[in-house]
Amino acid sequence: MLLMKTSGFLRFPAAFAVLALSACAASDVSSIKAASEADIDAIRVTSVAVTMETPKPNPALEAALKEQLEKAMQRCADGDVDHRLDVAVTDFEEQDVGKSIFLGDEIELEGRAEFVNLANGDQTGAYYLENSFSWGGFIGAAMMSDAEISLSKDFAKNLCKEVFGVDLEEEE
């Protein structure tokens, strides 16, 4: 009988470990229309516009993404030619906390980022970004309770790093 209780007790930490799994992040930036090195050096983003091209509106995501992009662009797009950054969110997958604790889940943010020269209206460059965060268990679910903000920060950091060569993680 003692052996059964011991083995049952040993199973509890294993079950708890499965429920407490952590998380993994991934990102990708692809060129739709790559800007030249000279054009990238000249871009100064003076305004940011975010639109949702998803079936379901999400004002919290729209506001968070705009705020994070404005902050990031001040630090990485500081050339001498004024541009507007137009971002169109094409996919946003929200978390399902119940599902994530027991099965794992993934949140995702995808969209286009286009740099438009304010003087002539020409598109200087366009990029497609994908950010995702996968997790499972209580830890992962807790980490992604603010998915809109977390994914927006990553989206802005990845745009700076991949397009402008500025790693905002190192500057912090």
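Draft legend 1. Spotlight on the state of the cysteines. This model, assessed by the stated rule, comprises one disulfide. Two residues share a disulfide in this structure: cysteine 76 and cysteine 160, whose sulfurs sit 2.0 Å from each other. Since a negative S-S torsion denotes a left-handed disulfide, the cysteine 76-cysteine 160 link at about -55 degrees is left-handed. Taken together, the positions of cysteine 76 in helix α3 (residues 59–76) and cysteine 160 in helix α6 (residues 147–164) put the pair 84 residues apart, joining distant regions of the chain. The class for cysteine 76 is buried, based on a relative accessible area of 6%.

Draft legend 2. Expanded view of the environment of valine 116. Take valine 116: it is sitting in strand β4 (residues 105–117). Taking the C-alpha atoms as reference points, valine 116 and isoleucine 43, 73 residues apart in sequence, are found 9.2 Å from one another. In contact with valine 116, other than residues within four places in its own chain, are Asp82, His83, Arg84, Asp86, Gly121, Asp122 and Gln123.

Draft legend 3. Region of the structure containing the confidence of the model for the protein chain. Mean pLDDT over the protein chain: 80, with 68% of residues reaching 70 or higher. The least confident element of the protein chain, judged by mean pLDDT, is helix α1 (residues 2–19) at 43; the most confident is strand β2 (residues 43–52) at 98. Low pLDDT, under 50, characterises residues 1–21; the predicted model gives this stretch 13 contacts beyond four residues in sequence or across chains. Predicted confidence for residues 97–103 stays below pLDDT 50, and this span has 13 contacts to residues more than four positions away or in other chains.

Draft legend 4. Geometry of the packing of aromatic side chains. One pass over the structure, following the stated rule, counts two aromatic pairs. On the numbers, 6.4 Å between centres and 70 degrees between planes, the contact of phenylalanine 115 with tyrosine 127 is edge-to-face. Here phenylalanine 115 is found in strand β4, whereas its partner tyrosine 127 is found in strand β5 (residues 123–135), with twelve residues between them in sequence. Considered together, phenylalanine 115 and tyrosine 127 belong to a single accessibility category, that of buried residues.

Draft legend 5. Main features of the pattern of salt bridges. Applying the stated rule across the entire model yields eight salt bridges. Between glutamate 70 and lysine 66 there is a salt bridge, with its nearest N and O atoms 2.6 Å apart. Here glutamate 70 and its partner lysine 66 are both found in helix α3, four residues apart, which amounts to about one turn of the helix. For lysine 66, a relative accessible area of 31% puts it in the partly exposed group. Salt bridges sharing partners connect three or more residues here, namely Glu53, Arg112 and Glu114.

Draft legend 6. Region of the structure containing α3. Across its 18 residues, α3 extends 26 Å between first and last C-alpha, which sits within 8% of the 26 Å expected from 1.5 Å per residue. Buried residues of α3: Leu61, Ala64, Leu65, Gln68, Leu69, Ala72, Met73 and Cys76, and no others. Relative to the axis of α3, the buried residues are bounded by an arc of 155 degrees and lie together on one face. Summarising the geometry of α3, the exposed residues directed more than 90 degrees from the buried face are Pro59 and Gln74.

Cut-offs used in this document
- Residues numbered from 1 in each chain as written.
- Predicted model: local features only at pLDDT ≥ 70, side-chain atom pairs only at ≥ 80, totals over all residues.
- Heavy atoms only, no water.
- Disulfide = S-S within 2.5 Å.
- Helix = DSSP H or I, 4+ residues; strand = E, 2+ residues; numbered from the N terminus.
- Buried < 20%, exposed > 50% of the residue type's maximum accessible area, 1.4 Å probe, protein only.
- Contact = heavy atoms within 4.5 Å.
- pLDDT = per-residue confidence, 0-100.
- Phe/Tyr/Trp six-rings, centres within 6.5 Å; stacked < 30°, edge-to-face > 60°.
- Salt bridge = Lys/Arg side-chain N within 4 Å of Asp/Glu carboxyl O.
- Expected span 1.5 Å × (residues − 1).
- Arc of directions from axis to C-beta.

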